[in-house]
Amino acid sequence: MKIKFARPALPRRGTLVLLAEKGAKLAKLAHSADAASGDQLSRAMKSAGFEGKKDTFVDIPGVSGVGADRVLIVGIGEAGELTEKALEFLGGAIAGRLQAHKGTEAAIALESTSKLKISESDAAARLGSGISLRTYRFDPYKSKKNDAKDQAGGPQNLTILTADHLKARKSFEPLNAIAEGVHLARDLVNEPPNILHPEEFARRIKGLSKSGLKIEVLGEAQMNKLGMETLVAVGHGSERESKLAIMKWMGGPKSQKPVAFVGKGVTFDTGGISLKPGAGMGDMKGDMGGAACVTGLMHALAARKAKVNAIGIVGLVENMPDGRAQRPGDIVNSMSGQTIEVLNTDAEGRLVLADALWYTQKRFKPQFMVDLATLTGAILIALGKEHAGLFSNSDELSERISAAGHSTGETVWRMPLGAAYDKMIDSDFADMKNIGGREAGSTTAAQFLQRFVNDVPWVHLDVAGTAMGSKKNAINQSWGGGWGVRLLNQLVADHYEGK
Ligand code: BES
Ligand code: MN
Ligand code: ZN
């Protein structure tokens, strides 16, 4: 769908979307539309009992005199209370409504009688962002596109009518870059595991050099040389070569230490020799949701030319059972020098991240590291799909990410770490074991990661509940929701740009 910005004027065809504030108050263009239609709009609102409350709609097909042949009136409540997030969700909700319509053209008039919280052009851009996020679709494997039932995508041309349309178009550019990053992350999570294996994931990352990222990809030989036995051993059962991909965006001042994002990229998790049960195993194609987020985020930062130095690192492996696969009981060496007894080959994500985190802090000396991983089923039990679990050694970084969660709607909930939990992964035979027992499963996984971060400020986000099978809402209808791209982009924008 193409999103355009133009000066307010009654359109000649298609659907006209008008916003109404609490009390069913209409602004300028809406008033002239009402007058041109001979009061059809106000009569429809009255008979529908419409009061302009948020998330209420009046749909009026077959309007005459307006130019548009359909008018959709959308309640927005108190215009002065609309935050950036609320405007994105409003844009998404409108796009959802428009998808049910057959027309190819639609225009949304952004105007209000009371003062908005943010500038009207920013508000228009946020609407556009929400529309773009909502209308994402993933259908490369459907041989019949656009059948009658499947109208997702809505109108081909959507115009947002706003007084300073040039400024709105400018404000939309970075938001569009972020939406592209979200769409990329969604695509990666939705792709089937026979297509998106570690080699293909790395190939797609290389393609991002187009957006200005510097890309390096390490193969198994290079990783072995660096001593990353822990990561490489996870992929031993796979026909595909494991990879470590490094994305660099150096948009900040030369002297600025980089921020670093590290993602678990298990392109398929069978559990390995500790094989998972069959039911729902197909979902494990999404076990690279952390890596997808890091990739989408890096694209977004580059595409909007963020004034920050940022590193994205993803460990790409496939966890398969095979004659060469690692066994429960194996002891492996990590790049850090610490040894690990692998008691369950299904606790593989932490093994991938152990070497990836160590490598990241040694090579890049980052200001902080945030890792994202679909790490434990236990986090889904604890938090459902509402929040990602946050584990951290830094109150400051935790609070910044929590705040970014509130402003984007991608919320996190902090979980505990501590010495008593750490003891649960001590091993009789090696420096540590990769499982801690039934209790506090998400925390013992995080304790394991913490043994590879030293004192770098660090946040671990367990996204098992949010990155795949994502909650559907006004701005996301996709299984792979691209969770975390908007959150971490916000974190960077709020605290780390140009500093
Ligand atoms: N990828 C899974 C975690 C997961 C489960 C993600 C459900 C999304 C939905 C991870 O590799 C795993 O298998 N974790 C085990 C750890 C256990 C063996 C200690 C788990 O959570 O059961
Ligand atoms: Mn697993
Ligand atoms: Zn996994």
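Heads up: the structure comes first, above all this text.
If you're wondering where the values come from, they're calculated on a predicted model, not measured in any experiment.

It is worth spelling out the overall build of the protein at this point. Regarding its fold elements, the protein presents 15 helices and 18 strands. Compactness check: the protein gives a C-alpha radius of gyration of 25 Å against a globular reference of 23 Å for 499 residues, within 12% of the reference. By principal-axis analysis of the C-alpha atoms, the protein measures approximately 85 × 50 × 40 Å. By the burial criterion, 58% of the 499 residues in the protein qualify as buried. Considering only residue pairs separated by 6 or more positions, the protein has 78% of its internal contacts joining residues 24 or more positions apart. With 63 positive and 55 negative side-chain charges, the protein shows a separation of 6 Å between the mean positions of the two kinds.

Right, let's get into the sheet that holds strand β9 (residues 243-250). Reading across the sheet, the eight strands line up as β8-β9-β11-β10-β14-β18-β15-β16 and stay open at both edges, with mixed pairing between neighbours. The open sheet has two edge strands with one neighbour each: β8 (214-218) and β16 (412-414). Between one strand axis and the next, the sheet turns through 20° on average, direction left out of account. Summarising the sheet, strand β10 (residues 259-269) and strand β11 (residues 309-319) pair through ten bridges and their orientation is parallel. Bridging across to β11, F268 finds its partner in E318. This element, helix α10 (residues 349-364), spans β8, β9, β10, β11, β14 (368-373) and β18 (458-462) of the sheet and lies at about 155° to β10.

Surrounding ligand 1, one finds 17 residues, the nearest of these being K276, D287, D346, E348 and G377. At a separation of 3.2 Å, an oxygen atom of ligand 1 approaches a polar side-chain atom of K264. Here a nitrogen atom of ligand 1 sits 2.8 Å away from a polar atom, N or O, in the side chain of D287. When isolated, ligand 1 has an accessible area of 510 Å², and the protein chains bury 77% of it.

In this structure, A24 takes a positive phi of about 55° despite not being glycine. Following the sequence through the fold, A24 ends up in the loop between β2 (15-21) and β3 (25-26). Judged by its relative accessible area of 19%, A24 is buried. At K365, a position not held by glycine, the phi torsion is positive, near 40°. By secondary structure assignment, the location of K365 is in the loop between α10 and β14.

Throughout the structure, instances matching the rule amount to 27 salt bridges. Where D139 meets R137, a salt bridge forms, and the shortest distance between an N and an O atom there is 3.3 Å. Among the charged side chains, a network of salt bridges with common partners joins E88, R126, E410 and R486.

We now examine the coordination of the zinc ion (ligand 3). Metal coordination angles in their ideal form are 109.5 degrees for the four-donor tetrahedron and 90 or 180 degrees for the six-donor octahedron. Bound to the zinc ion (ligand 3) on the protein side are K264 (NZ), D269 (OD), D287 (OD) and E348 (OE), at distances that span 2.0 to 2.4 Å. Here the zinc ion (ligand 3) is ringed by six donor atoms whose angles at the metal span 78 to 175°, and the overall shape comes out octahedral. On the primary sequence, the residues serving as donors to the zinc ion (ligand 3) are separated as K-x4-D-x17-D-x60-E. Residue K264 is classed as buried on the basis of its relative accessible area of 2%. Taking the relative accessible area as the measure of exposure, D269 reaches 3% and is therefore buried.

Every protein donor of the manganese ion (ligand 2) is listed here as D269 (OD), D346 (O), D346 (OD) and E348 (OE), and their distances to the metal cover 2.0 to 2.2 Å. Around the manganese ion (ligand 2), the six donor atoms are arranged such that angles at the metal cover 72 to 168°; this shape is classified as irregular. Counting gaps between the donor residues of the manganese ion (ligand 2) yields the pattern D-x76-D-x1-E. A distance of 3.1 Å spans the gap from the manganese ion (ligand 2) to the zinc ion (ligand 3), which D269 bridges by coordinating each metal. On the criterion of sequence distance, the pair formed by D269 in strand β10 and E348 in the loop between β13 (339-342) and α10 is long-range, its members being 79 residues apart.

A few words on the sheet that holds strand β17 (residues 432-433). Reading across from one edge, β12-β13-β17 is the order of the three strands in this open sheet, with mixed pairing throughout. Looking at which strands have only one partner, the edges of the open sheet turn out to be β12 (330-333) and β17.

Our next topic: the nonpolar core. Side chains that are nonpolar tend, in soluble globular proteins, to be buried together. In this structure, V370 and L461 are the most contacted members of the largest nonpolar core, which totals 89 residues. Filtering out sequence-adjacent residues up to four positions away, V370 remains in contact with A260, F261, V262, L397, I401, V459, L461 and L488. Within the second largest apolar cluster, 40 residues are counted, among which are V266, I313, V317 and V456.

By the secondary structure assignment, S121 is in helix α4 (residues 120-134). A residue is classified by how much of its surface remains accessible, and S121, at 5% relative accessible area, is buried. Among residues more than four places away in sequence, those in contact with S121 are D164, K167, A168 and S171.

Our focus in this paragraph is the packing of helix α12 (residues 395-408) against helix α15 (residues 485-495). Between α12 and α15, the shortest axis-to-axis distance is 8 Å and the interhelical angle comes to 115°. Crossing geometry of α12 relative to α15 is assigned as right-handed. Contacts from L397, R400, I401, A404, G405, S407 and T408 of α12 reach α15 at R486, L487, Q490, L491 and H495. A breakdown of the residues in the contact of α12 with α15 according to their chemical character gives five nonpolar, five polar and two charged.

Counted residue by residue, β10 has eleven buried out of eleven residues, so it is predominantly covered. Where β10 lies against β14, five bridges are found, and the strand directions are parallel. Of the residues in β14, the one forming a bridge with V259 is F368.

Attention shifts here to helix α5 (residues 165-190). In an α-helix, one turn spans 3.6 residues; hence positions three or four apart end up facing the same way. Counted at 1.5 Å a residue, the expected span for α5 with its 26 residues is 38 Å, and the 35 Å between its end C-alpha atoms agrees. At E173, α5 shows its maximal bend, which comes to roughly 35°, and the proline P174 appears one to four places after that position.

What counts and what doesn't
Residues numbered from 1 in each chain as written. Chains lettered and ligands numbered in written order. Predicted model: local features only at pLDDT ≥ 70, side-chain atom pairs only at ≥ 80, totals over all residues. Heavy atoms only, no water. Helix = DSSP H or I, 4+ residues; strand = E, 2+ residues; numbered from the N terminus. Rg over C-alpha atoms; globule rule 2.2 N^0.38 Å. Buried < 20%, exposed > 50% of the residue type's maximum accessible area, 1.4 Å probe, protein only. Contact = heavy atoms within 4.5 Å. Lys, Arg positive; Asp, Glu negative; His and termini not counted. Charge placed at Lys NZ, Arg CZ, Asp CG, Glu CD. Pairing = 2+ DSSP bridges. Axes fitted to C-alpha atoms, helices over the stretch in contact; angles between N-to-C directions. Near = heavy atom within 4 Å. Polar contact = N/O pair within 3.5 Å; in protein donor to acceptor, adjacent residues only side chain to side chain. Areas by Shrake-Rupley, 256 points an atom, 1.4 Å probe, with all protein chains shown as cover. Salt bridge = Lys/Arg side-chain N within 4 Å of Asp/Glu carboxyl O. Donors = N, O, S within 2.8 Å, 3.2 Å for Na, K, Ca; no water. Tetrahedral: all angles 85-135°; square planar, octahedral: opposite > 155°, others 65-115°. Core = buried A, V, L, I, M, F, W, Y, C linked by side-chain atoms within 4.5 Å. Left-handed = near helix turned anticlockwise from the far one by under 90°. Nonpolar A, V, L, I, M, F, W, Y, C, P; charged D, E, K, R; others polar. Expected span 1.5 Å × (residues − 1). Bend = angle between axes of the 7 residues up to and from the residue.

By themselves, these are just geometric observations and shouldn't be taken as functional.
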